Amino acid sequence: MDGRTPLTVSATAHAKVNLHLGCGDVRPDGFHELVTVFQSLSLPTTVTLTEVLRGDATGHVAGLTVSGDSAKHVPSDESNLAWRAVIAAVEAAESKVPRVATVHIDKSIPVAGGMAGGSADAAAALLAAREFFELPLTDDELLGLAADLGSDVPFCLLGGTALGTGRGENLVPVLVRGEYHWALALAKGGLSTPEVFRTIDRLREEREVPRAAAPDDLIKALASGSPDQLAAHLANDLQPAAISLKPELRTTLRAGLDGGALAGIVSGSGPTTAFLCRDREHALDVAAHLATSGTCAATLTASGPAPGARIVQ
Ligand code: C5P
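Residues numbered from 1 in each chain as written. Predicted model: local features only at pLDDT ≥ 70, side-chain atom pairs only at ≥ 80, totals over all residues. Heavy atoms only, no water.

Chemist: Give a description of the overall build of the protein chain that names residues and reports values.
Modeler: Within the protein chain, the secondary structure is distributed over 10 helices and 12 strands. Computed over its C-alpha atoms, the radius of gyration of the protein chain comes to 20 Å, within 12% of the 20 Å expected for a compact globule of 313 residues. C-alpha atoms of the protein chain, sized along the principal axes, occupy 60 × 45 × 35 Å. When the accessible surface of the protein chain is totalled, it reaches about 13600 Å², and 51% of it is carbon and sulfur. Put simply, the protein chain has 25 plus and 36 minus side-chain charges, and the middle of one group is 4 Å from the middle of the other. (Helix = DSSP H or I, 4+ residues; strand = E, 2+ residues; numbered from the N terminus. Rg over C-alpha atoms; globule rule 2.2 N^0.38 Å. Areas by Shrake-Rupley, 256 points an atom, 1.4 Å probe, with all protein chains shown as cover. Lys, Arg positive; Asp, Glu negative; His and termini not counted. Charge placed at Lys NZ, Arg CZ, Asp CG, Glu CD.)

Written out as structure tokens, the structure reads:
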């Protein structure tokens, strides 16, 4: 120890829901061509890098810890996406600052739930790493690194509401009026994203599965600020695949609608289900109904759009 106070840098990022997820065919690289509208939700993750002052510490990351409701399901080794994000940022910028960090993730985002929990950790970690290691990376370079880490990571950096194409990494912000309120039902256990994508391919081989039209009306509804209008246009092409892997999601979706939600949808690749509500009170009512329905493991409420990744002072 050299007696200094260790440098600490924290950054936050948020969960997402896909208001529209149009899934095209599988590409030669194994990814699917998407047309999606993301909205970030007020469920944060905070990634903190703390300087290790021991002279014997080597490498850039000395260890990783996780706190929060789903901490025990998150890997705390080099396979963690936040750890990989820090290393990717340092290597891309060839940092000249000889610092070593421990990484701490404090997350309120369900794991393997279709809400970009791991991607939000990675986005916050990229931003924190740029500051901590004083990396000369532009925002565009950070977005490029984000896309290499995962299809949803660029959106978690940007936040707000955005149209995503390609794998979901090409983003254009969407104009939104007002705030939207959601009740979220968490399922028992998660779903594997690759398995959900494989399942939609299989279902499409077996039968005609309807595909969502372009999200033009949804984008108009977002500009109107009316949750009722938005409710009519929520769409997710992955929903039949998620339901085929977890048939109980059908019951959860029905329970949310019985509880008065304006609309319900599987979030991304699932299995979290998201219910659009009129306002905050309504979201609390719908969540309370879902909690007593016995059709889900837990409930949350959230609002969107939430901001993109930010350094926390
Ligand atoms: O990009 P990310 O690592 O989050 O993707 C996880 C997996 O989800 C991919 O390996 C792929 O199987 C599937 N995926 C896909 N098409 C996308 C995004 C993800 O098939 N656009």
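So that's the structure; there's more coming.
Chemist: Give me the packing of aromatic side chains: which residues, what numbers.
Modeler: A full pass over the atoms with the stated rule returns 2 aromatic pairs. In this structure, R99 is placed above the aromatic ring of F132, and the distance from its NZ or CZ to the ring centre is 5.9 Å. Sitting over the ring of F31, R167 keeps its end group 4.9 Å from the ring centre. (Phe/Tyr/Trp six-rings, centres within 6.5 Å; stacked < 30°, edge-to-face > 60°. Lys NZ or Arg CZ within 6 Å of the ring centre and 35° of its normal.)

Chemist: Tell me what's going on with the UniProt feature "binding site: ATP" (unreviewed entry) in the protein chain, and back it up with residues and numbers.
Modeler: Within the UniProt annotation, "binding site: ATP" (unreviewed entry) is assigned to P110, V111, A112, G113, G114, M115, A116, G117, G118, S119 and A120. The topology assignment puts P110 in the loop between β4 (101-107) and α2 (117-132). Among all residues touching P110, those that are not within four sequence positions of it are L43, S70, M115, G117, L186 and L300. Tracing the backbone shows A116 in the loop between β4 and α2. Ignoring anything within four residues of it in the chain, the contact list for A116 reads K16, D152 and C156. (UniProt positions renumbered as here; feature names shortened; annotations may be inferred. Contact = heavy atoms within 4.5 Å.)

Chemist: Tell me about the pattern of salt bridges, and name the residues and values.
Modeler: A complete count under the given rule lists 12 salt bridges for this structure. When the shortest N-O distance is used, the salt bridge between K16 and D152 registers 4.0 Å. Taken as a pair, K16 in strand β1 (residues 8-26) and D152 in the loop between α3 (139-149) and α4 (153-158) lie far apart in primary sequence, 136 residues in all. Its relative accessible area of 23% is what places D152 among the partly exposed residues. Among the salt bridges present, the one from D121 reaches K107, with a minimum N-O distance of 2.8 Å. With D121 in helix α2 and K107 in strand β4, this residue pair connects regions lying 14 residues apart in the sequence. Exposure class is identical for D121 and K107. Each is buried. Where salt bridges share partners, they join R27, D29 and E33 into one cluster. (Salt bridge = Lys/Arg side-chain N within 4 Å of Asp/Glu carboxyl O. Buried < 20%, exposed > 50% of the residue type's maximum accessible area, 1.4 Å probe, protein only.)

Chemist: Give me helix α6 (residues 216-224): which residues, what numbers.
Modeler: Residues L218, A221 and L222 constitute the buried set of α6. Projection of α6 onto a plane perpendicular to its axis shows the buried side chains occupying an angular sector of 100°, all on one side. Buried residues in α6 make contact with β1, β2 (32-51), β5 (161-166), β7 (180-186) and α7 (227-231). (Arc of directions from axis to C-beta.)

Chemist: For the nonpolar core, give the residues involved together with the corresponding values.
Modeler: Generally speaking, soluble globular proteins have nonpolar side chains that are buried together. Ranked by size, the top nonpolar core spans 63 residues in total, and within it L49, V86, L126, F133, W182 and L234 carry the most contacts. Residues in contact with F133, not counting those within four places in the same chain, are L49, H60, V86, V90, S95, V97, R99 and A101. Counting residues in each nonpolar core, the second largest holds 28 residues, with A183, A185, I200 and V209 among its members. (Core = buried A, V, L, I, M, F, W, Y, C linked by side-chain atoms within 4.5 Å.)

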